[in-house]
Amino acid sequence: MTATHANQGFHASVQSALQRIGTGTSVVRVPRGKLLYAAGSRGSNVYLVLDGYVKTTTVSISGKQCLLSIHSPGDLVGESCLLNSEHYESATAMTPATLRRIPQSSLFKALDDQDLYGDFLRLLTRRLCEQQQFITHLVTDNCEQRLAFALLRLARKIGVQQPGGRVVMTQRLTQEELAGMVGTTRSRVGFFLKNFRMRGMLEPGPGSLMTVNVPELVKFLNTRD
């Protein structure tokens, strides 16, 4: 099951459970580029993405920003506040975004539904596995390989499948954002992207969107030293 299909399953389950308990939630709309919440802020709500894209970021002690993830419809955002009522990361709308704000009390009540409980555990477990896999690449791969893996991960997350294994990204990502995801500089990301295009792993897409040739990207990762 792809991440998108899994998200849709959780989305349907949580919406059904929340309708049954019938209280506590509300819909919020966040303009593009605006914060949903900031790192360090206190909160008791989690958010279900209904439409649009939301990115989560954090900042190192030295002030360098790290792009943690991009959240698409069906994703849950802000669950870090379940630990100590404080957000570890910042969440920003990459596009105009619509989310359902769910208080902790409503979420816990909804989780009495066994179907939702299972979907919730699978969602969190899948996210944990993705993070563990990404950490492995950060530790063991060089910058170019990390960028290739990040593009493959993003293609599966926010891409639209095309013939021949090609995937068109549905959201434009800046070189700064990619650099923050793989831990390098914007100039090096630009150099690597140029190399990927020359090797047929990336192709021009509609507008300023990127098209990823997934088979070629996988081949590159499988033949790395």
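The structure we're discussing is the one just above.
Calculation notes
- Residues numbered from 1 in each chain as written.
- Predicted model: local features only at pLDDT ≥ 70, side-chain atom pairs only at ≥ 80, totals over all residues.
- Heavy atoms only, no water.
- Helix = DSSP H or I, 4+ residues; strand = E, 2+ residues; numbered from the N terminus.
- Buried < 20%, exposed > 50% of the residue type's maximum accessible area, 1.4 Å probe, protein only.
- Contact = heavy atoms within 4.5 Å.
- Areas by Shrake-Rupley, 256 points an atom, 1.4 Å probe, with all protein chains shown as cover.
- Salt bridge = Lys/Arg side-chain N within 4 Å of Asp/Glu carboxyl O.
- Pairing = 2+ DSSP bridges.
- Arc of directions from axis to C-beta.
- Expected span 1.5 Å × (residues − 1).

> Would you explain the overall build of the protein chain in this entry?
Helix and strand counts for the protein chain come out as eight helices and twelve strands. Here the protein chain holds 225 residues, and the buried ones make up 48% of them. Put simply, 71% of the contacts in the protein chain that link residues at least 6 apart link residues at least 24 apart. Carbon and sulfur atoms form 54% of the exposed surface of the protein chain, whose accessible area is close to 11500 Å².

> Quick question: what am I supposed to make of the pattern of salt bridges here?
Any two side chains of opposite charge can pair, so long as their charged atoms come close to each other. Following the criterion strictly, the structure yields six salt bridges and no others. In this structure, the salt-bridge partner of R166 is E203, at a minimum N-O distance of 2.9 Å. Of this pair, R166 sits in strand β10 (residues 166-169) while E203 is found in strand β11 (residues 202-204), placing the two residues 37 residues apart along the sequence. Of the charged contacts in the structure, one is a salt bridge between E176 and R186, with a shortest N-O distance of 3.8 Å. On the criterion of sequence distance, the pair formed by E176 in helix α6 (residues 175-182) and R186 in helix α7 (residues 186-198) is long-range, its members being ten residues apart.

> How should the sheet that holds strand β6 (residues 76-77) be read in this particular structure?
Hydrogen bonds between backbone atoms are what pair the strands of a sheet, whose relative direction is either parallel or antiparallel. In space, the four strands of this open sheet follow the order β1-β8-β3-β6, with antiparallel pairing throughout. Whereas interior strands pair on both sides, the edge strands pair on one side only; in this sheet they are β1 (26-30) and β6. With five bridges joining them, β1 and strand β8 (residues 97-103) adopt antiparallel strand pairing. Bridging across to β8, V27 finds its partner in R100.

> What is the right way to read the environment of G180 from this model?
Tracing the backbone shows G180 in helix α6. Under the relative-accessibility criterion, G180 is labelled buried at 12%. Residues G180 and L67, 113 residues apart in the sequence, show an inter-C-alpha distance of 5.3 Å. Look past the residues within four positions of G180 in its chain and what remains in contact with it is Q65, C66 and L67.

> Is there a simple way to explain helix α8 (residues 214-222) in this structure?
Along an α-helix, residues three or four positions apart point the same way, because every turn accommodates 3.6 residues. Those residues of α8 that fall on the buried side of the exposure criterion are V214, L217, F220 and L221. Taken down its axis, α8 places every buried residue within 125° of arc, on the same side.

> How should I be thinking about the pairing of strand β5 (residues 65-71) in this particular structure?
Sheet faces and side chains relate simply in a regular strand, where the side chains alternate between the two faces. Relative to β5, strand β4 (residues 54-59) runs antiparallel, the two sharing six bridges. In the sheet register, V59 faces β5, and the bridge partner there is Q65. Counting the residues in the hairpin turn of β4 and β5 gives five residues, including G63, whose phi is positive at 95°.

> How should I be thinking about the pairing of β4 in this particular structure?
Taken across its six residues, β4 has five buried, putting it largely inside the fold. Taken together, the four bridges between β4 and strand β7 (residues 90-93) define a ladder with antiparallel strand orientation. Pairing of V54 across the sheet is with A93, part of β7.

> Sorry, what's going on with α7 here?
The terminal C-alpha atoms of α7, which comprises 13 residues, lie 19 Å apart, in line with the 18 Å expected from a rise of 1.5 Å per residue. All of the buried residues along α7 are V189, G190, F192, L193 and F196. Buried residues of α7 fall within an arc of 165° about the axis and therefore sit on the same side. Structural note: α7 exposes F191, K194 and M198 on the side pointing more than 90 degrees away from its buried face. Residues of α7 that are buried make contact with α5 (143-158), α6, β11 and α8.

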